[in-house]
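# Secondary and tertiary structure notes
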Amino acid sequence: MNNAIFTLSTQVGKVLQEKGLLLATAESCTGGGVAQAVTDISGSSAWFERGFVTYTNAAKRSMLGVPAELLAAHGAVSEEVAAAMAQGCLAHSEAQVAVSTTGIAGPTGGVPGKPVGTVCFGWAMDGRVLTQRLVFAGDRQAVRAQAVAQALRELLRFIQ
């Protein structure tokens, strides 16, 4: 894990522990990378509850309760689905805070309006949901690493 991600994970854990909150993750394109980053921190069981890797639409529906209509209307890589993933993550866990990622890490999969590198994020807590859509440059590993870092960076802002 790179130093920036380790530092972000440590900071996230510190704030979650101070606030007595548990985190859960719902990931698609990052394949569990956010969960791995936070569980790389010793003592993370005090503030990390669980992670869902929902790579297919069927998994998003069955594990997180993402409505099929939402997936059909907006596609898996959308802020709407990222929001539903984060909300579903809270509904299907004991956590009070959730982060979700869904995107196109590449090198294939890009479509008009959603090029390779497109990642949508969701953060949910206390009935609030924040979403973001970014396009990252680089190969598959670079896109995924940037997405993990961004998920943690914004999570830190969201919970503070």
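The structure displayed is predicted, hence computed values, not measured ones. (Residues numbered from 1 in each chain as written. Predicted model: local features only at pLDDT ≥ 70, side-chain atom pairs only at ≥ 80, totals over all residues. Heavy atoms only, no water.)

## Points about helix 5 (residues 79-91)
An α-helical segment advances 3.6 residues per turn. Residues three or four places apart therefore align on the same side. Heads up, the rule is: Helical segments are the DSSP runs of H or I of at least four residues, strand segments are the runs of E of at least two, and each set is numbered from the N terminus. In this scheme, a helix's expected span is set at 1.5 Å multiplied by one less than its residue total. Working definition: with a 1.4 Å probe on protein chains only, accessible area under 20% of the residue-type maximum means buried, over 50% means exposed, and in between means partly exposed.
Its 13 residues place the ends of helix 5 18 Å apart at the C-alpha level, agreeing with the 18 Å of an ideal helix rising 1.5 Å per residue. Taken residue by residue, helix 5 has Val 81, Ala 82, Ala 83, Ala 84, Met 85, Ala 86, Gly 88 and Cys 89 as its buried positions.

## What about the environment of Lys 19?
To keep things clear, this is the line we draw: Contacts are residue-level and defined by heavy atoms, with any inter-residue pair within 4.5 Å sufficient.
With respect to the secondary-structure elements, Lys 19 resides in helix 1 (residues 3-19). By relative accessible area, which is 46% here, Lys 19 ends up partly exposed. Along the chain, Lys 19 and Ile 159 lie 140 residues apart, while their C-alpha atoms are 8.9 Å from each other. The residues touching Lys 19, leaving out its near neighbours within four places in the chain, are Ile 159 and Gln 160.

## Focus: the nonpolar core
For clarity, the threshold we go by: We define a nonpolar core as any set of buried Ala, Val, Leu, Ile, Met, Phe, Trp, Tyr and Cys residues linked to one another through side-chain atoms lying within 4.5 Å.
One finds Leu 16, Leu 23, Val 97, Leu 152 and Ile 159 to be the most contacted residues of the largest nonpolar core, which totals 33 residues. Going through the elements one at a time, helix 1, helix 2 (33-39), strand 3 (97-103), strand 4 (118-125) and helix 6 (140-159) are the ones with two or more residues in this core. Among the elements that take part in this core, helix 6 stands out by supplying ten residues, more than any other. Filtering out sequence-adjacent residues up to four positions away, Leu 16 remains in contact with Leu 21, Leu 23, Trp 47, Val 97 and Ile 159. Formed by 14 residues, the second largest nonpolar core is a distinct cluster that contains Ala 26, Phe 52, Leu 71 and Ala 95.

## Here's the deal with the pattern of salt bridges
This is how it is decided: The salt bridge definition used is simple: a Lys or Arg side-chain nitrogen within 4 Å of an Asp or Glu carboxyl oxygen.
Summed over all chains, the structure comprises three salt bridges. A salt bridge links Glu 49 to Arg 50, with the nearest nitrogen and oxygen atoms 2.7 Å apart. According to the relative accessible area criterion, Glu 49 is partly exposed, its value standing at 24%.

## So, the sheet that holds strand 2 (residues 48-53)
To keep it simple, the criterion reads: We treat two strands as partners when DSSP finds at least two bridges between them. For helices, the fitted axis covers only the stretch in contact; all axes are lines through C-alpha atoms, and the angles between them, taken along N-to-C directions, range from 0 to 180 degrees.
The strand order across the open sheet formed by five strands is 2-1-3-4-5, and the pairing between neighbours is mixed. Edge positions in the open sheet fall to strand 2 and strand 5 (128-135), since each of these has one partner strand only. Put simply, the sheet's adjacent strands are angled 10° from each other on average, direction ignored. Along the sheet, helix 6 makes contact with strand 1 (23-27), strand 3, strand 4 and strand 5, crossing strand 4 at roughly 25°.

So, to be careful, I would describe these as geometric facts and stop short of saying anything about function.
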